[in-house]
Amino acid sequence: MITSRRVVAAAKFFGILAVLGLLVHMGTILFSTRYNTNGQSIFEMWGNSLSQSKEYGGSAHATGTYAPNSEKPVKAALVALVRNDDLYGLRKTIRELEDRWNRKYNYPYIFLNDKPFSEKFMSGVRDLTNARVEFGTLEPDTWGYPEWIDQNKAKHERETSTYIKGRSESYRFMCRFQSGFVFKHPLLQDLEYYWRIEPDVHYFCDIDYDPFVYMKKNNLKYGWNIAPSEYEPTVRTLWNSTQEFMNKNPDMIPSNSMIDWVRDSNNQYTRCHFWSNFEIVDLSFYRSKEYQAYFDFLDHAGGFFYERWGDAPVHSIAVSMFLPKSQVHYFDDIGYYHPAMSHCPDGSKERGKCVCDPKEGWANGFTCAKRWRQIS
């Protein structure tokens, strides 16, 4: 009896040793092979395989992790119009973009300025990314007053305005440039898409797919994230000018456009617009004859200077006039903050790859965002 118990105990002991040995062996294999030949951790590979069912384009493995100087599947870049004194705010933006997304994809950055960039600025930006970085100055005829503008009338508007940025001359130059010239800059001439970025913004979510590939694959022309309503004193005659343009060019307005997003049942302007500090755009749209005709019409109307027409309402009305809703995409999965407003995906306080409070990121509840969901 005693001998039998000893045999059983010995068997259990050696069984435990065998299991422990097997676990040690497996751990050694796992440790020694925790990276694949591309330097990707086995845990990242597992995560990628789990994320391939994501609605927005799958995993890094599915779309490719791109080396800094490699050819990308889409000719695209992250683009900002900034000045030398924006360095700190821009560094914060780049740091978050790199951590959240671009360290995997290495799309190039293009920075534009109405004056030459300082060595301090260029070095401070390059320190944060392995991606290619290019710097350019604006062409003189794209920044300033066109010859047909009455500068005394423009000055009177600035000096008597009471709305935000109303007294700024350079802000008006910026709005005109972003509306009609940024995509014509030589550094952007070979791009298919651009993602506009700005200083002092936050990105709340890991982005595990390539938005440029997603846009191209799905034939999307315009991507947005926040949609507020414009302040009426800045666009007093923008809708009147737009209606005049439409009446003169009815052949340019497709029957399936989403014009009812900016036009209500009484044919009045809703003032809804996509906040263009975040936009991902197929630049063939801005280069189209329709968009160019619309911008030229507005430019000659003078509202960039006689009022304070912003690039956001100009872009948004053009999108609504010329595109069907099926070619416009709401990037509601990307949590984003620009000073004064933010968007936080639902549930981000408790789960997922976003860290933000939906109660504080309330842009999804804007009237214009709701109107977007309602139109066909």
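Let us look at the structure shown here. Residue numbering note: each chain is counted from 1, following its sequence as written. Given that the model is predicted, a residue must reach a pLDDT of at least 70 before its local features are reported, and side-chain atom pairs must reach 80 or more before they are shown or counted; all residues, however, enter totals for whole chains, interfaces and linings. Neither water nor hydrogens contribute to the side-chain values; these are computed over all heavy atoms in the structure.

## Remarks on the sheet that holds strand 1 (residues 76–81)
Stated precisely, the cut-off is as follows: Pairing between strands requires that DSSP locate at least two bridges from one strand to the other. Only runs of H or I of at least four residues qualify as helices and only runs of E of at least two qualify as strands under DSSP, and these elements are numbered from the N terminus. Only the stretch in contact is used when a helix axis is fitted, and all axes are lines through C-alpha atoms; the angle between N-to-C directions ranges over 0 to 180 degrees. Throughout, a contact is declared for two residues whenever any of their heavy atoms are within 4.5 Å.
Spatial strand order, 3-2-1-4-7-6-8: seven strands in an open sheet with mixed pairing. Only two strands of the sheet have a single partner each, and these edge strands are strand 3 (133–137) and strand 8 (328–330). Averaged over neighbouring strand pairs, the angle between their axes works out to 20° when direction is ignored. Where strand 2 (residues 109–113) lies against strand 3, five bridges are found, and the strand directions are parallel. Bridging from a neighbouring strand, F111 pairs with F135 of strand 3. In the packing of helix 4 (residues 87–105) onto the sheet, the strands contacted are strand 1, strand 2 and strand 4 (193–196), and the crossing angle to strand 2 comes to about 165°.

## Some points on the pairing of strand 7 (residues 279–282)
Sheet faces and side chains relate simply in a regular strand, where the side chains alternate between the two faces. Applied cut-off: For every residue, the accessible area obtained with a 1.4 Å probe (protein chains only) is divided by the maximum for its type, and the residue is called buried under 20%, exposed over 50%, and partly exposed between those limits.
Every second residue of strand 7 is oriented toward a common face, with E279 and V281 on one face and I280 and D282 on the other, all of them buried. Sheet topology note: the strand 4/strand 7 ladder contains four bridges and is antiparallel. Among the inter-strand pairings, W195 is bridged to a residue of strand 7, identified as I280. Bridge analysis of strand 6 (residues 222–224) against strand 7 gives two bridges, and the strand direction is antiparallel. By the bridge assignment, G223 is partnered in strand 7 with I280.

## Observations regarding the state of the cysteines
Worth spelling out the cut-off: A pair of cysteine sulfur atoms is labelled a disulfide when the two atoms are within 2.5 Å.
Scanning all chains against the criterion turns up three disulfides. Sulfur-sulfur distance for the disulfide between C344 and C356 comes to 2.1 Å. Linking C344 and C356, the disulfide has an S-S dihedral of approximately 90° and is accordingly described as right-handed. Here C344, found in the loop between strand 10 (341–343) and helix 14 (367–374), pairs with C356, found in the loop between strand 10 and helix 14; they are 12 residues apart in sequence, far enough to count as distant. Of the two residues examined, C344 and C356, each falls in the buried class. Cysteine pairing in the protein chain follows 1-4, 2-6, 3-5, where each cysteine in a disulfide is numbered by its order in the sequence.

## Regarding the environment of Y222
Examined against the element boundaries, Y222 turns out to sit in strand 6. For the pair Y222 and Y193, spaced 29 residues apart in the sequence, the C-alpha separation amounts to 9.6 Å.

## Thoughts on the packing of helix 4 against helix 5 (residues 119–126)
Basically, it comes down to this: We call two directions roughly parallel when the angle between them is under 35 degrees, roughly antiparallel when it is over 145, roughly perpendicular when it lies between 65 and 115, and oblique otherwise. Left-handed is the label given to a crossing in which the near helix is rotated counterclockwise from the far helix by less than a right angle, and right-handed is the label when the rotation is clockwise.
As a packed pair, helix 4 and helix 5 sit with axes 10 Å apart at the nearest point and diverge in direction by 15°. The angle between helix 4 and helix 5 places the two elements in the roughly parallel class. Of the two elements, helix 4 crosses helix 5, and the hand of that crossing is right-handed. When helix 4 is examined against helix 5, the residues L87, L90, R91 and I94 are found in contact with a partner set consisting of K120, F121, G124 and V125.

## Here we look at the pattern of salt bridges
Our working rule: One speaks of a salt bridge when a side-chain nitrogen belonging to Lys or Arg is within 4 Å of a carboxyl oxygen belonging to Asp or Glu.
Counted according to the given criterion, the structure contains 20 salt bridges. A salt bridge links D208 to K104, with the nearest nitrogen and oxygen atoms 3.0 Å apart. Note that D208 is positioned in the loop between strand 5 (202–203) and helix 8 (211–217) and K104 in helix 4, a separation of 104 residues in sequence. Residue class for D208 comes out buried when judged on its relative accessible area of 12%. Note on K104: relative accessible area 15%, which makes it buried. Salt bridges sharing partners connect three or more residues here, namely R83, D114 and K115.

## Overview of the nonpolar core
It is characteristic of soluble globular proteins that their nonpolar side chains tend to be buried jointly. Keep this limit in mind: Working definition of a nonpolar core: buried Ala, Val, Leu, Ile, Met, Phe, Trp, Tyr and Cys residues. They are joined through side-chain atoms within 4.5 Å.
Counting residues in each nonpolar core, the largest one holds 58 residues, and the members touching the most others are W261, F274 and Y294. Top element by residues in this core is helix 13 (residues 311–322). It accounts for six residues. For W261, the residues in contact, after removing those within four places along its chain, are A227, T270, C272, H273, F274, S316, S320, C368, R371, W372 and I375. Formed by 45 residues, the second largest nonpolar core is a distinct cluster that contains I94, F117, V133 and I197.

## A word on the side chain of H185
Going by this rule: Identification of polar contacts relies on pairs of N or O atoms within 3.5 Å, with a donor-acceptor requirement for protein atoms, meaning one able to donate a hydrogen and the other able to accept it, and with residues adjacent in sequence counted only if both atoms are side-chain atoms.
By secondary structure assignment, the location of H185 is in the loop between helix 7 (169–180) and strand 4. Taking the relative accessible area as the measure of exposure, H185 reaches 6% and is therefore buried. Polar contacts involving the side chain of H185 include one to the main-chain carbonyl oxygen of T137, which spans 2.9 Å. Setting aside chain neighbours within four positions, we find H185 in contact with L112, G136, T137 and L138.

## Brief notes about the sheet that holds strand 9 (residues 336–338)
Reading across from one edge, 5-9-10 is the order of the three strands in this open sheet, with antiparallel pairing throughout. Strands at the two margins of the open sheet, each flanked by one partner only, are strand 5 and strand 10. Sheet topology note: the strand 5/strand 9 ladder contains two bridges and is antiparallel. Within strand 9, the position partnered with Y203 by the bridge is Y336.

## Things to note about helix 13
Heads up, the rule is: The span expected for a helix works out to 1.5 Å for each residue beyond the first.
In this model helix 13 runs 16 Å from its N-terminal to its C-terminal C-alpha over 12 residues, within 8% of the 16 Å that 1.5 Å per residue would give. When you tally the buried positions in helix 13, you get 12 out of 12 residues, the bulk of the element. Listing the buried residues of helix 13 in full gives D311, A312, P313, V314, H315, S316, I317, A318, V319, S320, M321 and F322.

## Here we look at the environment of D357
Looking at the secondary structure, you find D357 in the loop between strand 10 and helix 14. Residue D357 is classed as buried on the basis of its relative accessible area of 17%. Expressed as a C-alpha distance, the spacing of D357 and G347, which sit 10 residues apart in the sequence, is 8.1 Å. With residues near it in sequence (within four places) discarded, D357 still touches C344 and K349.

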